[in-house]
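Each chain, letter by letter, is given below.
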Amino acid sequence: MNTVAAPLTGRIHSWDLSTGVDGPGTRFVLFVSGCPLRCLYCANPDTWHLRDGRETTVDEVMAEIGRYRDFVTTAGGGVTVTGGEPLLQPAFTGAVLRRCKEAGLHTALDTSGFLGARAGDDLLADTDLVLLDIKSFSAATYRRLTGGELTPTLDFARRLDRLGKRMWIRYVLVPGWTDDPQAVEGLAGFVTGLSSVERVDVLPFHKLGAAKYDALGIPFPLHNTPVPDSLLTERVRAQFRAHGLVAQ
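Residues numbered from 1 in each chain as written. Predicted model: local features only at pLDDT ≥ 70, side-chain atom pairs only at ≥ 80, totals over all residues. Heavy atoms only, no water.

Draft legend 1. Quick look at helix H8 (residues 230-241). A rise of 1.5 Å per residue sets the reference length of H8, with its 12 residues, at 16 Å; its end C-alpha atoms lie 16 Å apart and thus fit the reference within 8%. Where H8 is buried, its residues contact strand E7 (166-173), helix H6 (181-192) and strand E8 (197-204). Capping of H8 at its N-terminal end is provided by Asp-229; its side-chain oxygen lies 3.2 Å from the backbone amide nitrogen of Leu-231. (Helix = DSSP H or I, 4+ residues; strand = E, 2+ residues; numbered from the N terminus. Expected span 1.5 Å × (residues − 1). Contact = heavy atoms within 4.5 Å. Polar contact = N/O pair within 3.5 Å; in protein donor to acceptor, adjacent residues only side chain to side chain.)

Below you can see the structure in the form of structure tokens.
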């Protein structure tokens with residue numbers, strides 16, 4: 001007797017449209033639920049837990065993407081899967097990326113790389129661009145800042161480079177946490193050795209997610225941390241540029 005496989009489902013938080021910050025062009029951005037890290041500056045604490053996401057099928061996601069296909073493709077964009085951490089749900093994320101590629105859409109994966117070992121070769125083959133968030137180049141700072149370990153992210157970066165996978169490195173600049181000149185120099189040196197990195201995005205820390213913490217009854221750990229001023233932001237970008245990297 002033939003059986004029909006149940007549709008593949010995943011848990012998502014939401015979706016949005018964005019321009020310029022989640023990959024090239026205008027993007028359909030899918031926020032999946034669940035994340036193993038607890039970054040002190042996280043702007044989306046409402047994506048931490050799988051249980052809080054809405055269960056949906058890949059077909060339902062693709063139907064929503066289809067509504068905006070012409071809009072994003074005309075604007076030179078595509079689809080970005082982010083979170084949360086999309087590699088916490090590798091089968092679901094991989095299926096969405098595969099369906100997008102089959103539909104002729106540019107694909108991007110926004111990840112911390114902490115779960116990079118879960119990204120199979122097939123998933124990466126369906127990914128045109130990886131937005132890799134390297135949160136600190138100091139292992140001790142990374143642990144205090146995220147609750148996780150730095151090594152898996154660096155290993156994933158090296159693997160992506162061996163595969164020739166296009167990368168944009170993302171670096172959140174937090175005064176007192178990720179602005180140490182020596183740590184920035186270390187990261188810049190590491191990134192310089194990755195030939196498939198196209199640019200480094202230095203992203204100034206902000207507090208736009210503070211209201212979400214209030215709504216969830218969770219204290220925002222960096223409530224008293226100042227946002228970086230333009231001089232500090234430019235200094236860090238200049239450090240990356242001094243290594244021959246495109247930084248913005």
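Draft legend 2. A look at the packing of helix H1 (residues 58-74) against helix H2 (residues 90-102). Contact geometry of H1 with H2 gives a least axis separation of 10 Å together with a crossing angle of 40 degrees. Comparing the axis directions of H1 and H2 gives the class oblique. Crossing geometry of H1 relative to H2 is assigned as right-handed. Residues Val-58, Asp-59, Val-61, Met-62 and Ile-65 of H1 lie in contact with H2, whose contacting residues are Phe-92, Ala-95, Val-96, Arg-99 and Cys-100. Taken together, the residues of the contact of H1 with H2 break down into 8 nonpolar, no polar and 2 charged. (Axes fitted to C-alpha atoms, helices over the stretch in contact; angles between N-to-C directions. Parallel < 35°, antiparallel > 145°, perpendicular 65-115°, else oblique. Left-handed = near helix turned anticlockwise from the far one by under 90°. Nonpolar A, V, L, I, M, F, W, Y, C, P; charged D, E, K, R; others polar.)

Draft legend 3. Summary view of the pairing of strand E1 (residues 9-19). Inspection of the sheet shows E1 paired to strand E3 (residues 54-57) by 4 bridges, in the antiparallel sense. Note on E3: the bridge partner recorded for Arg-11 is Glu-55. The sheet contact formed by E1 and strand E2 (residues 26-32) spans 7 bridges and is antiparallel. In the sheet register, Ile-12 faces E2, and the bridge partner there is Val-32. Hairpin connection from E1 to E2: 6 residues lie between these consecutive antiparallel strands, with Gly-20 at a positive phi of about 90 degrees. (Pairing = 2+ DSSP bridges.)

Draft legend 4. Here's a closer look at the side chain of Arg-159. Residue position: Arg-159 is located in helix H5 (residues 151-162). Given a relative accessible area of 17%, Arg-159 falls into the buried group. Among residues more than four places away in sequence, those in contact with Arg-159 are Gly-116, Ala-119, Gly-120, Asp-121 and Leu-124. (Buried < 20%, exposed > 50% of the residue type's maximum accessible area, 1.4 Å probe, protein only.)

Draft legend 5. Structural view of the environment of Glu-55. Residue placement: Glu-55 occurs in strand E3. In this structure Glu-55 comes out as partly exposed when scored by relative accessible area, which is 48%. Along the chain, Glu-55 and His-13 lie 42 residues apart, while their C-alpha atoms are 9.0 Å from each other. If near-sequence neighbours (up to four positions away) are discounted, Glu-55 is found in contact with Thr-9, Gly-10 and Arg-11. Of note is the side chain of Glu-55, whose polar atom sits 3.0 Å from the side chain of Thr-9.

Draft legend 6. A look at H1. Taking 1.5 Å per residue as the helical rise, H1 with its 17 residues ought to reach 24 Å, and the 24 Å between its terminal C-alpha atoms agrees with that figure. At Tyr-68, H1 is bent by approximately 55 degrees, the largest bend along its length. Taken as a whole, H1 has its buried residues at Val-58, Val-61, Met-62, Ile-65, Tyr-68 and Val-72. Where H1 is buried, its residues meet E1, E2, E3, strand E4 (78-82) and H2. Two residues or fewer after H1 comes Gly-76, characterised by a positive phi angle close to 70 degrees. (Bend = angle between axes of the 7 residues up to and from the residue.)

Draft legend 7. Focus on the packing of aromatic side chains. Within the structure shown, the criterion is met by 7 aromatic pairs. For the pair Trp-48 and Tyr-213, a centre-to-centre distance of 6.2 Å together with 80 degrees between the ring planes defines the contact as edge-to-face. With Trp-48 in the loop between E2 and E3 and Tyr-213 in helix H7 (residues 210-216), this pair connects stretches of sequence that are 165 residues apart. Between Tyr-213 and Phe-220 the ring centres are 4.8 Å apart and the planes differ by 45 degrees, which places this aromatic pair in the tilted class. Residue Tyr-213 is classed as buried on the basis of its relative accessible area, which comes to 1%. Phe-220 gets classed as buried once you look at its relative accessible area, which sits at 11%. Joined through ring pairs, the aromatic side chains of Trp-15, Phe-28 and Tyr-68 make up one cluster. (Phe/Tyr/Trp six-rings, centres within 6.5 Å; stacked < 30°, edge-to-face > 60°.)

Draft legend 8. How the structure looks around the sheet that holds E4. Pairing is mixed across the open sheet formed by 8 strands, whose spatial order is E3-E1-E2-E4-E5-E6-E7-E8. In the strand order of this sheet, the two ends are held by E3 and E8, each with one partner. Averaged over all neighbouring strand pairs, the angle between strand axes comes to 30 degrees, with direction disregarded. Seen against the sheet, H2 touches E1, E2, E3, E4 and strand E5 (106-111) and runs at an angle of roughly 160 degrees to E5. Strands in contact with H5 are E5, strand E6 (129-133) and E7; relative to E6, the strand with the most contacts, it is inclined by about 155 degrees.

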